[in-house]
Each structure stands twice: as structure tokens, then as C-alpha cells.
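# Architecture and fold: a report
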Amino acid sequence: MKKYAIILLTGLSLFIAASVFSFSALATPPLSTAQAPNNKPQKTPVMLAHRWNQKIDIKGWWMSEKLDGVRGYWTGKEMISRSGNPFRVPKWFTGNFPSTPLDGELWIGRRQFSELVGIIRRKIPDTQWEKVRYLIFDAPQVQGGFEKRLDFARRWFRQHPNPYAEVLKQEICQNEMHLQKKLREIESLGGEGLMLRKPDSPYTVGRSYDLLKVKTYKDAEAKVIKHLPGSGKHAGRLGALLVELPNGIQFALGTGFSDQERENPPPEGSIITFKYYGFHDSGIPSLCFLSPGSRAPLTLKFLRQPQPEGTL
């Protein structure tokens, strides 16, 4: 039988005595949340990570846990998602937040993603938000490198305490051996992986090699059930694959496709392999993505073609 292969795959300044440092000298005005002409919210100008490869020497970089939560961007006035949609956050949750933007993660604990999503999607926020924490990993518009920006956030919340907000713990990576040891430790506790940040690096919008993610992925197979149509820039071609795991669970796999793969997707009934990290409580794999090196046209194949009924 002919064999194929594919890997597929979130200006208020501090008033203090003149002898104490003023935050207003560091921070810039809050982010505008104006909408685009089509009335859709503008995407949030966040910094995104590349996957780490061993060619990059990460000795001396800052290392922190990669949280399996939901990205939250505090504009200085409201909390919005990566796609620019406002979260319905209780006013008491963001009490004492600064008027300058913060970047972080809404999180309730390891392997609690489904419960978190259930809380933040409620139209009327309730006391369930008391379970949520906002873990801050940057202050995008504060002047200075990474360390100065985090120091701003630490000092702000020391002087303006909020039980739901804290700065994410960072430690210096000594070498690759240290990185791998820490990765195993986090994964053994049910964590997702690690994030690496280059010292004194700026906050740049979009993907940057100053920010790297490190995770251990696994491979799995699934059967293609249906082609789901795309929209927007993918209108008229594949948007996602509806696939089914051997245990019968179905889910949409829609990230990591090249343009050629969207034009010529795996046929319905074929078996594909994809990379993923862990499972949600629902049994659906999380963080599926296209494996590096699999975008070249010659590598675009499927593991098994569907066979007519009655054939072997």
C-alpha cells in the first residue's frame, strides 16, 4: 500500500514622596483599544515566541514556567485577549492595576485550562474569578530592557497590593543541562514547559528570537473525517481538518498548515500524524502544530490513503 507522511499539527503614575523613585518617568500612556474600520477589534500588539533549537546558546537567559492559561493584556484600562477582545473581568480583580500596559497570563493552576476557560467566558463574571491569578511577565511600554520592565511591575504591586496579581518568577539559565533538568521538573508536576527570555531585550511586537518556548511534544495519529472551510484569508480553501482519534474523540486541527497544504489537504478517510502536548480534560489534544522541516512540498504526504470498501 502506498505510504505517505504529514506532521501537523495565547497616565496614572505612582504618587510618592519626592525622594522615592517615580514610576511616571518609566511608563508611557495606556494602549488604545480602538477598533478597526470593519468594527472588529484590532489584534493585541503582543510579543510572541519562537521554538527553541539547540543552535541558540541560552546560557544566562531568564527562564520561567510556560503557563497553560490564557494570555491577558492589561491595556491600562481593561484586560483584553490576544485577539483584542475584552474579558469580562470583575472590577475588584484589576483593582490597583497601573495605568500602563501589562502582559501576562490568566491562570488557575496546571492542567486546569478547561476550568479557566469556563470561568472567563461567562457573560456575567462571578466569584469563580477568585480562583484566577494574573501572572505578569512583562510591562511592554515601560522604558528599558526586560529586567527594568519587570522591576517596574514588582515595585508597583509591592506598593499597590493586589491578591490576584503577581510577577512570574524568573531564574537564570546556567546552561542546556540546567534547562533540561528544569524542563523535566516542570513537566513532572504537570506543567507545559519553559519560556526563555534574552537578558536586557526589548519588547517587540510579533515573533522574536529574544523569546523562546521549550516543550516536549508527542506524536499521535488521527483519521481525517471532514474538510472544514476557511474564512478570511483562507476563504475558498481549507480552514481546518475535522479529525478523529482512535478512541472516537473528534476535534478540529487547523494550525500550522502551509498554503500548499491548505490548497491540497489530506483526503477524507486518510490517517495523519500530528505533534501535540498533553490533553485537555475533554480528551482533546492540546497545542497541535506543524513540525519544523515538514513544510517542503516533497514532504507533504499522508500516512495512509483511504481504501475502497471490500479491499485490504
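This one's a predicted model, so the numbers in the text were calculated from it and none came from an experiment.

A few words on the overall build of the protein. A count of helices and strands for the protein gives 4 helices and 15 strands. In the protein, which comprises 312 residues, the share counted as buried stands at 46%.

Counting buried positions over the 6 residues of strand β6 (residues 102-107) gives 6, a clear majority of the element. Direction of pairing for strand β4 (residues 70-74) relative to β6: antiparallel, over a ladder of 5 bridges. From the neighbouring strand, valine 70 faces β6, where its bridge partner is leucine 106. Across 5 bridges, β6 lies against strand β7 (residues 133-138) in antiparallel orientation. Residue pairing in the sheet places aspartate 103 in a bridge with aspartate 138 of β7.

With that settled, the discussion passes to unusual backbone geometry. Although it is not a glycine, asparagine 96 adopts a positive phi angle of roughly 70 degrees. Mapped onto the elements, asparagine 96 comes out in the loop between β5 (79-80) and β6. With relative accessibility at 42%, the residue asparagine 96 sits in the partly exposed group. At aspartate 200, a position not held by glycine, the phi torsion is positive, near 60 degrees. On the secondary structure map, aspartate 200 appears in the loop between β10 (193-197) and β11 (206-214).

Secondary-structure assignment places serine 208 in strand β11. Owing to a relative accessible area of 9%, serine 208 belongs among the buried residues under this scheme. Here aspartate 210 takes part through its backbone nitrogen, which lies 3.0 Å from a polar atom of the side chain of serine 208. Excluding its chain neighbours within four sequence positions, the residues that come into contact with serine 208 are Met47, Leu48, Ala49 and His50.

The next subject is the nonpolar core. Across soluble globular proteins, you tend to see nonpolar side chains buried next to one another. One finds Met79, Phe93, Phe97, Leu102, Leu106, Trp129 and Tyr134 to be the most contacted residues of the largest nonpolar core, which totals 28 residues. Every element with two or more residues in this core is listed here: β4, β6, α1 (113-120), β7, α2 (146-159) and β8 (165-167). Leave out the neighbours within four places in its chain, and tryptophan 129 touches Arg88, Val89, Pro90, Trp92, Phe93, Leu106, Ile119 and Ile120.

Taking 1.5 Å as the rise per residue, α2 with 14 residues should run 20 Å; its terminal C-alpha atoms sit 20 Å apart, in good agreement. Among the residues of α2, Phe146, Arg149, Leu150, Phe152, Ala153, Arg155, Trp156 and Phe157 are the ones counted as buried.

A separate point is the sheet that holds strand β2 (residues 47-51). Pairing is mixed across the open sheet formed by 5 strands, whose spatial order is β2-β11-β10-β3-β9. The two strands at the open ends of the sheet, each matched to only one other strand, are β2 and β9 (171-172). Of the strand pairs in this sheet, β2 and β11 are connected by 5 bridges, and their pairing is parallel. Paired with alanine 49 across the two strands is serine 208, which belongs to β11. Those strands touched by helix α3 (residues 176-188) are β3 (62-66), β9, β10 and β11, and its axis lies near 140 degrees from that of β10.

Another point: the sheet that holds β5. The mixed open sheet is built from 5 strands, whose spatial order is β5-β4-β6-β7-β8. Edge strands, defined here as strands with exactly one partner in the open sheet, are β5 and β8. In terms of strand pairing, β4 meets β5 through 2 bridges, oriented antiparallel. Bridge assignment links tryptophan 74 to a residue of β5, and that residue is methionine 79. The strands that α1 touches are β4 and β6; relative to β4, the one it contacts most, it runs at about 40 degrees.

Here the focus is the layout of surface pockets. One number sums up the size of the second largest pocket: a volume of about 180 Å³. As for the second largest pocket, its lining consists of 15 residues, of which Ser64, Glu65, Lys169, Lys182 and Ile186 are closest to the centre. Counting only elements with at least two residues in the lining of the second largest pocket, the list comes to β3 and α3. A class-by-class count of the residues in the lining of the second largest pocket yields 7 nonpolar, 2 polar and 6 charged.

Along the polypeptide, serine 81 turns up in the loop between β5 and β6. A polar contact of 3.0 Å, which involves the side chain of serine 81, links it to the side chain of serine 83. Among all residues touching serine 81, those that are not within four sequence positions of it are Thr44, Arg71 and Phe87.

What follows covers the pattern of salt bridges. Evaluation of the coordinates by the stated rule reveals 13 salt bridges. Across the pair arginine 71 and aspartate 103 runs a salt bridge, and its minimum N-O distance is 2.7 Å. Of this pair, arginine 71 sits in strand β4 while aspartate 103 sits in strand β6, and the two are 32 residues apart along the sequence. For the pair arginine 71 and aspartate 103, a shared accessibility class is recorded, and that class is buried. Here arginine 197 and aspartate 138 are joined by a salt bridge, their closest N and O atoms 2.9 Å apart. Taken together, the positions of arginine 197 in strand β10 and aspartate 138 in strand β7 put the pair 59 residues apart, joining distant regions of the chain. Classification of arginine 197 by relative accessible area gives buried; the value is 6%. Where salt bridges share partners, they join Lys66, Glu192 and Lys215 into one cluster.

Procedures and definitions
- Residues numbered from 1 in each chain as written.
- Predicted model: local features only at pLDDT ≥ 70, side-chain atom pairs only at ≥ 80, totals over all residues.
- Heavy atoms only, no water.
- Helix = DSSP H or I, 4+ residues; strand = E, 2+ residues; numbered from the N terminus.
- Buried < 20%, exposed > 50% of the residue type's maximum accessible area, 1.4 Å probe, protein only.
- Pairing = 2+ DSSP bridges.
- Polar contact = N/O pair within 3.5 Å; in protein donor to acceptor, adjacent residues only side chain to side chain.
- Contact = heavy atoms within 4.5 Å.
- Core = buried A, V, L, I, M, F, W, Y, C linked by side-chain atoms within 4.5 Å.
- Expected span 1.5 Å × (residues − 1).
- Axes fitted to C-alpha atoms, helices over the stretch in contact; angles between N-to-C directions.
- 1 Å grid on protein atoms, 1.4 Å probe; cavity = no way out; pocket = protein on both sides within 12 Å on 5 of 7 lines; lining within 4 Å.
- Points joined across faces, edges and corners; volume = space filled by probe spheres on them.
- Nonpolar A, V, L, I, M, F, W, Y, C, P; charged D, E, K, R; others polar.
- Salt bridge = Lys/Arg side-chain N within 4 Å of Asp/Glu carboxyl O.

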